[in-house]
2 protein chains.
Amino acid sequence: MVFVRREQFDENRETLLATASKLFRERGIDGVGVAEIAREAGLTHGALYAHFRSKEALATEAFSTGLALSREAFRGDGARRKRTVAGYLNYLLSSLNRDDPGASCPMTASASEIGRHGEEISARFAKGFQEKAGAFEAVLDEGISGAERRRMSLAIVAAEIGAMAAARAVAKSDPDLSDEILKAVHALLVKAAKAP
Amino acid sequence: MVFVRREQFDENRETLLATASKLFRERGIDGVGVAEIAREAGLTHGALYAHFRSKEALATEAFSTGLALSREAFRGDGARRKRTVAGYLNYLLSSLNRDDPGASCPMTASASEIGRHGEEISARFAKGFQEKAGAFEAVLDEGISGAERRRMSLAIVAAEIGAMAAARAVAKSDPDLSDEILKAVHALLVKAAKAP
């Protein structure tokens with residue numbers, strides 16, 4: 001047994017979460033094992049289990065880490081971006097985001113995986129989804145009111161996630177279609193978000 | 001070495017594809033191994049490799065099998081369904097579909113996985129995506145014309161895929177939000193598909 005100081009222990013946890021979050025987004029939760037995550041983080045398999053009792057527990061915490069990192073990237077980009085539906089979507093549906101899943105939103109990176117995992121990671125997804133919807137709701141046209149604001153924001157986030165997942169899915173075989181999908185959803189959502 | 005008759009060989013291939021297609025949709029391509037697929041199909045591991053040289057090759061063919069099966073289910077349901085955007089979405093965005101990924105569209109089941117796999121499965125996804133978009137394009141309001149028809153259809157399919165993936169992701173922790181997402185995207189798309 002190797003004892004590490006408290007600060008080292010906490011630092012290891014941060015490193016593990018950042019590493020896991022990046023690898024899970026790049027290769028999917030089921031696409032990467034804990035042994036590889038520990039190795040990539042420069043730690044032993046045993047050290048990993050001192051922090052997380054299971055791969056599911058690590059995936060759940062790493063999902064929240066990914067959400068926080070992508071929120072930060074989104075905010076960091078904010079100075080150059082208009083606080084409008086179009087401005088947000090310019091960023092979220094960019095080819096830059098498409099081509100770098102490891103640095104992008106974990107909801108999109110694992111969209112179709114989360115339903116197959118546990119209740120806790122599902123709750124983290126739901127929280128992230130509601131937060132993103134809240135950010136859109138705040139910049140919707142003022143002419144859209146009441147229940148319609150909430151409905152529209154949820155639909156925007158779901159459509160944005162689908163657009164990015166589909167754009168990534170076809171990118172290897174049909175890059176033109178990939179671009180077309182991102183632009184088509186961008187146009188649809190910007191138009192829909194305008195008051196009638 | 002065991003020799004099997006041609007008909008038996010072909011039948012085994014069909015069984016393998018149907019089994020793989022169902023398991024991949026239920027648990028993801030990375031979530032299930034070939035040994036389990038062979039066992040579930042009542043065949044040996046070796047028999048599987050007589051048909052498919054790799055898991056990727058099996059996943060690619062099984063993806064097309066899933067597309068064909070879900071197209072068939074979609075058509076089979078057609079008698080009870082209006083040939084309209086709303087009619088199609090009633091079926092595609094139903095809670096029945098959400099709760100039975102193994103019998104539903106493989107594009108949705110593996111939305112975020114395909115981008116991490118090879119070019120051939122990406123091409124199958126692109127083909128399935130274009131076909132589904134074509135089905136929507138054929139029933140769009142006649143007042144929508146030209147390039148806008150194509151754009152709208154691509155956006156509808158991407159949004160529908162995102163809605164279902166997100167609805168499944170949150171279902172375990174927040175079933176109300178899950179229903180809300182399906183309804184919100186349904187409403188957004190039906191409204192958008194109407195000529196201005």
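This one's a predicted model, so the numbers in the text were calculated from it and none came from an experiment. (Residues numbered from 1 in each chain as written. Chains lettered and ligands numbered in written order. Predicted model: local features only at pLDDT ≥ 70, side-chain atom pairs only at ≥ 80, totals over all residues.)

Some words on the overall build of chain A
Along chain A, the regular secondary structure elements total 10 helices and zero strands. Counting every position in chain A, which comprises 196 residues, the buried fraction comes to 48%. Considering only contacts within chain A whose residues lie at least 6 apart along the sequence, 67% involve residues at least 24 apart. (Helix = DSSP H or I, 4+ residues; strand = E, 2+ residues; numbered from the N terminus. Buried ≥ 20, exposed ≤ 12 C-beta atoms within 10 Å, placed from the backbone. Contact = placed C-beta atoms within 7 Å.)

Describing the environment of Ser110 of chain A
All names here are of chain A. Along the chain, Ser110 turns up in the loop between helix 7 (106-109) and helix 8 (119-137). Residue Ser110 is classed as buried on the basis of its 31 C-beta neighbours within 10 Å. Along the chain, Ser110 and Gly28 lie 82 residues apart, while their C-alpha atoms are 6.2 Å from each other.

With respect to the interface of chain A and chain B
Facing the 46 residues of chain A at the interface are 46 residues of chain B. Counting residues per element, the ones that place at least two in the side of chain A that touches chain B are helix 7, helix 8, helix 9 (147-171) and helix 10 (175-192) of chain A. With 16 residues, helix 9 of chain A is the single largest residue contributor to the side of chain A that touches chain B. Taken together, the residues of the side of chain A that touches chain B break down into 26 nonpolar, nine polar and 11 charged. (Nonpolar A, V, L, I, M, F, W, Y, C, P; charged D, E, K, R; others polar.)

Concerning helix 10 of chain A
In this model, helix 10 of chain A (18 residues) spans 26 Å end to end at C-alpha, consistent with the 26 Å of a helix rising 1.5 Å per residue. On its buried face, helix 10 of chain A is in contact with helix 5 (85-92), helix 6 (95-98) and helix 9 of chain A together with helix 8 (119-137), helix 9 (147-171) and helix 10 (175-192) of chain B. (Expected span 1.5 Å × (residues − 1).)

Observations concerning the nonpolar core
In terms of nonpolar packing, the biggest core is built from 118 residues, with Ala158, Ala166 and Val185 of chain A together with Ala158, Ala166 and Val185 of chain B touching the most fellow members. When residues no more than four places from it in sequence are discounted, the contact partners of Val185 of chain B are Ala155, Ala158 and Ala159 of chain A together with Leu93, Ala159, Glu160 and Ala163 of chain B. (Core = buried A, V, L, I, M, F, W, Y, C linked by C-beta atoms within 7 Å.)

Here's the deal with helix 9 of chain A
Working note: α-helix, 3.6 residues per turn, so residues spaced by three or four point in the same direction. Spanning 25 residues, helix 9 of chain A covers 36 Å between terminal C-alpha atoms, matching the ideal 36 Å at 1.5 Å per step. The buried count for helix 9 of chain A comes to 21 of 25 residues, which makes it a mostly enclosed element.

A short note on the relation of the copies chain A and chain B
The transformation that overlays chain A on chain B combines an axial shift of 0.0 Å with a rotation of 180 degrees, and the residual RMSD is 0.0 Å. What the superposition gives is, in effect, a two-fold axis relating one chain to the other. Looking at the interface residues of chain A, 100% of them are also at the interface in chain B, so both copies use one shared face. (Least-squares fit on C-alpha atoms with pLDDT ≥ 70 in both.)

A few points about the packing of helix 1 (residues 6-27) of chain A against helix 4 (residues 55-76) of chain A
Residue and element names in this part refer to chain A. Where helix 1 contacts helix 4, the axes come no closer than 8 Å and their chain directions differ by 85 degrees. Classified by the angle between their axes, helix 1 and helix 4 sit roughly perpendicular to one another. In this structure, helix 1 contributes Leu17, Ala18, Ala20, Ser21, Phe24 and Arg25 to the contact, and helix 4 contributes Leu58, Ala59, Glu61, Ala62, Thr65, Gly66 and Leu69. (Axes fitted to C-alpha atoms, helices over the stretch in contact; angles between N-to-C directions. Parallel < 35°, antiparallel > 145°, perpendicular 65-115°, else oblique.)

Quick look at the environment of Arg81 of chain A
Residue and element names in this part refer to chain A. Here Arg81 lies in the loop between helix 4 and helix 5. Among the residues examined, Arg81 registers 14 C-beta atoms within 10 Å and is labelled partly exposed. With 16 residues separating them along the chain, Arg81 and Asn97 place their C-alpha atoms 15 Å apart.

Focus on the environment of Arg71 of chain B
By the secondary structure assignment, Arg71 of chain B is in helix 4 (residues 55-76). The spacing of Arg71 of chain B and Glu131 of chain B is 60 residues in sequence and 9.7 Å in space, taken between C-alpha atoms.

Details of the confidence of the model for chain A
Model confidence for chain A is summarised by a mean pLDDT of 93, while 97% of its residues fall at 70 or above. Scoring of the predicted complex yields 0.95 for pTM and 0.95 for ipTM. (pLDDT = per-residue confidence, 0-100.)

Considering the packing of helix 5 of chain A against helix 10 of chain A
Residue and element names in this part refer to chain A. Running from N to C, helix 5 and helix 10 cross one another at 165 degrees; their axes reach a closest spacing of 10 Å. Classified by the angle their axes make, helix 5 and helix 10 are roughly antiparallel. Handedness of the crossing formed by helix 5 with helix 10: right-handed. Here Val85, Ala86 and Leu89 of helix 5 lie close against helix 10, whose contacting residues are His186, Leu189 and Val190. (Left-handed = near helix turned anticlockwise from the far one by under 90°.)

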